[in-house]
Amino acid sequence: SLGQMIANIAHQWKQPLTELNLALFNLKKSFDLKNDKEFKKFWDKLVEHVEDEKSELVVLPEMPAYQWFPKLPNFEESIWQQAIKAHNDFIENLKLSTTVISTRPIQKGRYRLNQAFFWENERYHPIRTKYYLPEEEGFYEATWFHRGEKDFSVVRINHILVGVLICSELMFNAWARLYGRQKA
């Protein structure tokens, strides 16, 4: 029947996404536990999955290369520097044959920013910096970051217009509608 055929297609489509989601969950968990050996194992599994499925795009969690430091209510320079170094090392060693979108902490002069980027053809491309910064338990982002520019421009990635909202910015759906009007 048509219903069974659609259910089968949905299952086949969801299966790789479930595997990918599990790999990302384990990847993030190994970061949080500061377990480099586990991280490498799960990263290699993610790379293998991406290659096997011939994925064209991988969207990684916000600031994936270091534990979630904005959970701390007070800024600590040493943690900030460690997070920047971890992300620099991560990007330098990013060996995926597909496009990757994520974020990372950057220092621009005296400003500490959360920058969205995409990685394509072994090149780093900044997209935008996070504008809306929560300041609540577990998410002291206004303590750790300066507000980025209010720039919600689209970028072209692989002939597709893409708009990026970073984490809590998803709550501001006016920007998603703006991206839609820009054909993203």
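Residues numbered from 1 in each chain as written. Predicted model: local features only at pLDDT ≥ 70, side-chain atom pairs only at ≥ 80, totals over all residues. Heavy atoms only, no water.

1. Here's the deal with the sheet that holds strand E1 (residues 57-59)
So, point 1. One open sheet accounts for four strands, arranged E1-E2-E3-E4; its pairing is mixed. Two strands bound the open sheet, and with one partner strand each, they are E1 and strand E4 (123-129). Across the sheet, the mean angle separating the axes of adjacent strands is 40° when strand polarity is ignored.
So, point 2. Across three bridges, E1 lies against strand E2 (residues 99-108) in parallel orientation. The residue of E2 that forms the bridge with Val 59 is Ile 101.
So, point 3. Taken strand by strand, helix H3 (residues 77-92) contacts E2, strand E3 (111-120) and E4, and its axis lies near 145° from that of E2. (Pairing = 2+ DSSP bridges. Helix = DSSP H or I, 4+ residues; strand = E, 2+ residues; numbered from the N terminus. Axes fitted to C-alpha atoms, helices over the stretch in contact; angles between N-to-C directions. Contact = heavy atoms within 4.5 Å.)

2. Focus on the nonpolar core
So, point 1. Grouped together as the largest cluster of nonpolar side chains are 15 residues, with contacts concentrated most on Trp 43, Leu 60, Phe 90, Leu 94, Leu 96, Val 100 and Trp 119.
So, point 2. Those elements that place two or more of their residues in this core are helix H2 (36-53), H3 and E3.
So, point 3. Top element by residues in this core is H2. It accounts for five residues.
So, point 4. Aside from chain neighbours lying at most four places away, what touches Leu 96 is Trp 43, Val 47, Val 50 and Trp 119.
So, point 5. Ranked by size, the runner-up nonpolar core spans 13 residues in total, among them Phe 69, Ile 84, Tyr 140 and Trp 144. (Core = buried A, V, L, I, M, F, W, Y, C linked by side-chain atoms within 4.5 Å. Buried < 20%, exposed > 50% of the residue type's maximum accessible area, 1.4 Å probe, protein only.)

3. Observations concerning the side chain of Glu 169
So, point 1. Relative to the helices and strands, Glu 169 is located in the loop between strand E8 (160-162) and helix H5 (173-181).
So, point 2. Among the polar contacts listed, one links the side chain of Glu 169 to the side chain of Arg 128, at a separation of 2.7 Å.
So, point 3. With near-sequence residues (within four places) excluded, Glu 169 lies in contact with Arg 128, Lys 130, Tyr 131, Tyr 132, Phe 152 and Val 164. (Polar contact = N/O pair within 3.5 Å; in protein donor to acceptor, adjacent residues only side chain to side chain.)

4. Re the environment of Arg 123
So, point 1. Position of Arg 123 among the secondary structure elements: in strand E4.
So, point 2. C-alpha of Arg 123 to C-alpha of Leu 94: the two residues are 29 residues apart in sequence and 9.8 Å apart in space.

5. Topic: a negative patch on the surface
So, point 1. Judged by side-chain charge, Glu 48, Glu 51, Asp 52 and Glu 53 come together as a negatively charged surface patch.
So, point 2. Residue placement: Glu 53 occurs in helix H2. (Patch = residues over 30% accessible without salt bridge, like charges linked within 9 Å, V, L, I, M, F, W, Y side chains within 5 Å. Areas by Shrake-Rupley, 256 points an atom, 1.4 Å probe, with all protein chains shown as cover. Salt bridge = Lys/Arg side-chain N within 4 Å of Asp/Glu carboxyl O. Lys, Arg positive; Asp, Glu negative; His and termini not counted. Charge placed at Lys NZ, Arg CZ, Asp CG, Glu CD.)

6. Re the layout of surface pockets
Over the atoms, a rolled probe matching the size of one water molecule traces out where space is still vacant.
So, point 1. The volume enclosed by the second largest pocket comes to roughly 260 Å³.
So, point 2. What lines the second largest pocket is a set of 13 residues, and nearest its centre among them are Val 59, Leu 60, Leu 165, Ile 166 and Cys 167.
So, point 3. For the lining of the second largest pocket, the element with the most residues is E2, which contributes three residues.
So, point 4. In terms of residue class, the lining of the second largest pocket is built from nine nonpolar, three polar and one charged. (1 Å grid on protein atoms, 1.4 Å probe; cavity = no way out; pocket = protein on both sides within 12 Å on 5 of 7 lines; lining within 4 Å. Points joined across faces, edges and corners; volume = space filled by probe spheres on them. Nonpolar A, V, L, I, M, F, W, Y, C, P; charged D, E, K, R; others polar.)

7. Considering the confidence of the model for the protein chain
So, point 1. Residues with a pLDDT of 70 or more make up 80% of the protein chain, whose mean pLDDT is 83.
So, point 2. Within the protein chain, the lowest mean pLDDT, 48, falls on helix H1 (residues 2-32), and the highest, 98, falls on helix H4 (residues 141-144).
So, point 3. Confidence drops under pLDDT 50 across residues 1-17; counting only partners more than four residues distant or on other chains, this segment forms two contacts. (pLDDT = per-residue confidence, 0-100.)

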